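# Report on the structure
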Amino acid sequence: MEKEIINQIEIRSVSKQFTIDRKKVDVLNDIDLDFKQGEFICIVGASGCGKSTLLRMMSGLEPIETGKIIIGGEEVTAPTLKTGMVFQESRLFPWLSVEKNIEFGITTAGKNKKSAESKKELVNNLIRLVGLKGFEKALPKQLSGGMQQRVSIARGLINNPEVLLLDEPFGALDAITKINMQNEILRIWETEKKTMVLVTHDIDEAVYLGDKVIVLSSRPGSVRKIIHVDLPRERDRNSHDFAAVRYKIYKEFFKDAKIKELEYYI
Amino acid sequence: MDRSKRNPLDYVIIVLSPVVLLLLWQFVSTNGLVNPAFLPSPVKVITAFTGLLSSGKFQEHFQTSIVRVLFGFSIGTVSGILLGILSGLFKKVDDCLTVLFSVLRSIPTIGLIPLIILWVGIGEISKVIIIAIGSFWSILLNTQRGISGTDIKLLEVARILKKDRLTVLGKIILPASMPSIITGIRLGISGAWRSVIAAEMIASMRGIGYMIQYAREMSQPAVMFVGLFTLGLIGLGLDLVVKALEKKLIFWS
């Protein structure tokens, strides 16, 4: 029997305007997207194209006025525990240790409170998953940027969400840490089998991680192209196929810019 | 150059320089270079101090001032923090209070002393109220600033995690405001200390402030110096206590 393919996330005719200085600015224009359960989605776009806004709308942080977003069969109107989120800055609480920061993430709906032991076990499992064994008692300031982001990922996963949203999670990391963290997030994705949506301006990162790469146009952001990356993992960044996909995205990226000029820079 | 690292010689200089200054002071006093009615010698000051100690007067004044400060400061701190939290959390409360408070806090505390005495009399309560006011404003303002300035990014984390308001207040807003609140407390305690002396100089029969004022009337400059040094040392001591508290409470910075 063929397994039913479920749409985990449905984005239907979503547009967004911001009012800046009393002027309406179009940020997103008529976005329609479907993401399947367990997919790794990367959304790329130039800065200011509204990709982070789109992610924040999926998370429920940003109100959706035009169109709708459905996650796991329910329309998004506010944050839900079905989605976890990791931000570019780790956003850890500086006064809490690694384990307390992760434990803070635990929110139980209704009356089924978790016992201290089950909480502890949950936290320990996640600490192991993100590779921070031995750093349980450390304060965020004692951790490197990459390690802080590991904590943030653990916190994002603690309520066992169906979807993990990642808003440029490795954007502030140095090149080597970034590559390590990309491998880490792939490993976590493969063990946890979550739907992951990662926003990035790094085309390489998108091709390395994504099952699908959504290329957004510059503001107002609209879906320029959906590129399926059919390369087997672990992907070789230096392979010909990888370069071919990357080139395809570059082309999309600079379609409306003067591509002739830009070719000199690529 | 790293100024935070000091070698033993630096400590010698730090300790020795006030000693040299004292010796110089003693020298000009004993050689009649200054009028002892204006500047008594350090030895005279120490003698006055031991005299006050053995008669128990110093302890009495000292205790009186400290107890007043503790009461007034506690009231000022608790009310400042509570109101600061309320006006930091709720814009409506802030809007209600902003004009009134802007005017009131511009009144130097000393200016309020006659009115407070008129209202509650010359007893202990008036001093406690004055000290409370003297510490209240800086604690209120800094608490409010800390609360309303809580990093919105951390609050978003709480929204994503569906945390209730009480958790957000206790686990995020209050710890995030702690550095600001401590700053308020530090300013508040020096405000309290200034106010108690002012109140005691104007209307009191006890306390360090009274002791200094009375010594002027009695032409006892050495006692005045005892009082002034006491003020300086206690002020320093309070500051050190708050600094230690700061280090303990804001361990993460």
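Small disclaimer: the values here were computed from a predicted structure and weren't measured. (Residues numbered from 1 in each chain as written. Chains lettered and ligands numbered in written order. Predicted model: local features only at pLDDT ≥ 70, side-chain atom pairs only at ≥ 80, totals over all residues.)

Helix and strand counts for chain B come out as 10 helices and 0 strands. Listing each helix as α and each strand as β along chain B from the N terminus yields α-α-α-α-α-α-α-α-α-α. Relative to a compact globule of 253 residues, whose C-alpha radius of gyration would be 18 Å, chain B shows 23 Å and is clearly more extended. For chain B, the spread of C-alpha atoms along the principal axes amounts to about 75 × 55 × 30 Å. Taking as baseline every contact in chain B between residues at least 6 positions apart, the subset at least 24 positions apart corresponds to 73%. (Helix = DSSP H or I, 4+ residues; strand = E, 2+ residues; numbered from the N terminus. Rg over C-alpha atoms; globule rule 2.2 N^0.38 Å. Contact = placed C-beta atoms within 7 Å.)

To continue, consider the sheet that holds strand β4 (residues 66-71) of chain A. Strand pairing in a sheet takes place through backbone hydrogen bonds and is either antiparallel or parallel in direction. Residues and elements named next belong to chain A. Ordered by their spatial adjacency, 4 strands build an open sheet running β2-β1-β4-β5, and the pairing between neighbours is antiparallel. On the outer flanks of this sheet lie β2 (23-36) and β5 (74-75), each paired with one strand and no other. The pairing of strand β1 (residues 7-20) with β2 spans 10 bridges and is classified as antiparallel. Bridged to Phe18 within β2 is Val25. (Pairing = 2+ DSSP bridges.)

Take the nonpolar core next. All names here are of chain A. Grouped together as the largest cluster of nonpolar side chains are 115 residues, with contacts concentrated most on Met58 and Val197. Residues from two domains meet in this core; each of domain 1 (1-82 + 163-229) and domain 2 (91-160) gives at least three. Apart from the residues within four sequence positions on either side, Val197 is in contact with Phe35, Ile41, Ile43, Leu55, Met58, Val163, Leu165 and Leu166. (Core = buried A, V, L, I, M, F, W, Y, C linked by C-beta atoms within 7 Å. Buried ≥ 20, exposed ≤ 12 C-beta atoms within 10 Å, placed from the backbone. Domains from an automatic or database assignment.)

Turning to the pairing of strand β3 (residues 40-44) of chain A, a few remarks are in order. Extensive coverage of β3(A) is indicated by the burial of 5 of its 5 residues. Every second residue of β3(A) is oriented toward a common face, with A:Phe40, A:Cys42 and A:Val44 on one face and A:Ile41 and A:Ile43 on the other, all of them buried.

Attention now goes to the packing of helix α6 (residues 124-148) of chain B against helix α8 (residues 165-202) of chain B. All names here are of chain B. α8 packs onto α6 with a crossing angle of 160° between their chain directions and a minimal axis gap of 7 Å. Taken together, the axes of α6 and α8 lie roughly antiparallel to each other. Taken as a pair, α6 and α8 cross one another with a handedness that is right-handed. A breakdown of the residues in the contact of α6 with α8 according to their chemical character gives 13 nonpolar, 13 polar and 3 charged. (Axes fitted to C-alpha atoms, helices over the stretch in contact; angles between N-to-C directions. Parallel < 35°, antiparallel > 145°, perpendicular 65-115°, else oblique. Left-handed = near helix turned anticlockwise from the far one by under 90°. Nonpolar A, V, L, I, M, F, W, Y, C, P; charged D, E, K, R; others polar.)

What you tend to see is this: most non-glycine residues have negative phi, and most peptide bonds are trans. Residue and element names in this part refer to chain A. Residue Arg219 is joined to Pro220 through a cis peptide bond whose omega torsion reads -5°. Relative to the helices and strands, Pro220 resides in the loop between β9 (212-216) and β10 (223-228). A positive phi angle, close to 70°, is found at Arg22, a residue other than glycine. Among the secondary structure elements, Arg22 is positioned in the loop between β1 and β2.

With that settled, the discussion passes to the environment of A:Pro169. Residues and elements named next belong to chain A. Looking at the secondary structure, you find Pro169 in the loop between β7 (163-167) and α5 (175-192). A residue is classified by how many C-beta atoms lie within 10 Å of it, and Pro169, with 27 of them, is buried. Sequence separation of Pro169 and Asn29 is 140 residues, and the distance between their C-alpha atoms is 24 Å. Every residue in contact with Pro169, bar those within four places of it in the chain, is listed here: Val86, Gln88, Gln149 and Leu198.

With that out of the way, let us pick up the sheet that holds β3(A). Residue and element names in this part refer to chain A. Taken in spatial order, the 6 strands make up an open sheet running β6-β7-β8-β3-β9-β10, and their pairing is mixed. Edge strands, defined here as strands with exactly one partner in the open sheet, are β6 (83-86) and β10. Neighbour-to-neighbour, the strand axes of the sheet open up by a mean angle of 15°, direction not taken into account. The pairing of β6 with β7 spans 4 bridges and is classified as parallel. Residue pairing in the sheet places Gly84 in a bridge with Leu164 of β7. Across the sheet, helix α7 (residues 240-253) lies against β3, β9 and β10, angled at about 175° from β10, the strand it touches most.

Right, let's talk about the interface of chain A and chain B for a bit. The accessible area lost on association of the parts is a frequent measure of interface size. Contacts between the two partners involve 15 residues from chain A, matched on the other side by 13 residues from chain B. Of the residues in the side of chain A that touches chain B, the class split is 9 nonpolar, 3 polar and 3 charged.

Another aspect to go through is the confidence of the model for chain B. Considering every residue of chain B, the mean pLDDT works out to 93; 99% of them sit at 70 or more. Among the scores for the predicted complex, ipTM is 0.88 and pTM is 0.85. (pLDDT = per-residue confidence, 0-100.)

Let's shift gears to the domain arrangement of chain A. Residue and element names in this part refer to chain A. Examined at the domain level, chain A breaks down into domain 1 (1-82 + 163-229) and domain 2 (91-160). Listed per partner, the contact involves 13 residues of domain 1 and 11 residues of domain 2. The biggest single contributor to the side of domain 1 that touches domain 2 is α5, with 7 residues. When grouped by side-chain class, the residues that make up the side of domain 1 that touches domain 2 number 8 nonpolar, 3 polar and 2 charged.

All names here are of chain B. For the pair helix α3 (residues 57-89) and α6, the least separation of the axes is 6 Å and the interaxial angle reads 30°. At the point where α3 passes α6, the crossing takes the right-handed sense. Residue composition of the contact of α3 with α6, grouped by class: 17 nonpolar, 12 polar and 3 charged.

In this section: helix α3 (residues 116-129) of chain A. All names here are of chain A. Taking 1.5 Å of rise per residue, 14 residues should cover 20 Å, and α3 covers 20 Å from first to last C-alpha, within 8% of that figure. For α3, the set of buried residues is Leu122, Val123, Leu126 and Ile127. An end-on view of α3 places all buried positions within 135° of arc, on one side of the element. For α3, exposure combined with an orientation more than 90 degrees from the buried face picks out Glu117, Ser118, Glu121 and Arg128. Close packing links the buried residues of α3 with α2 (98-104) and α4 (145-157). The positive-phi residue at the C-terminal boundary of α3 is Gly131, with phi of around 75°. (Expected span 1.5 Å × (residues − 1). Arc of directions from axis to C-beta.)

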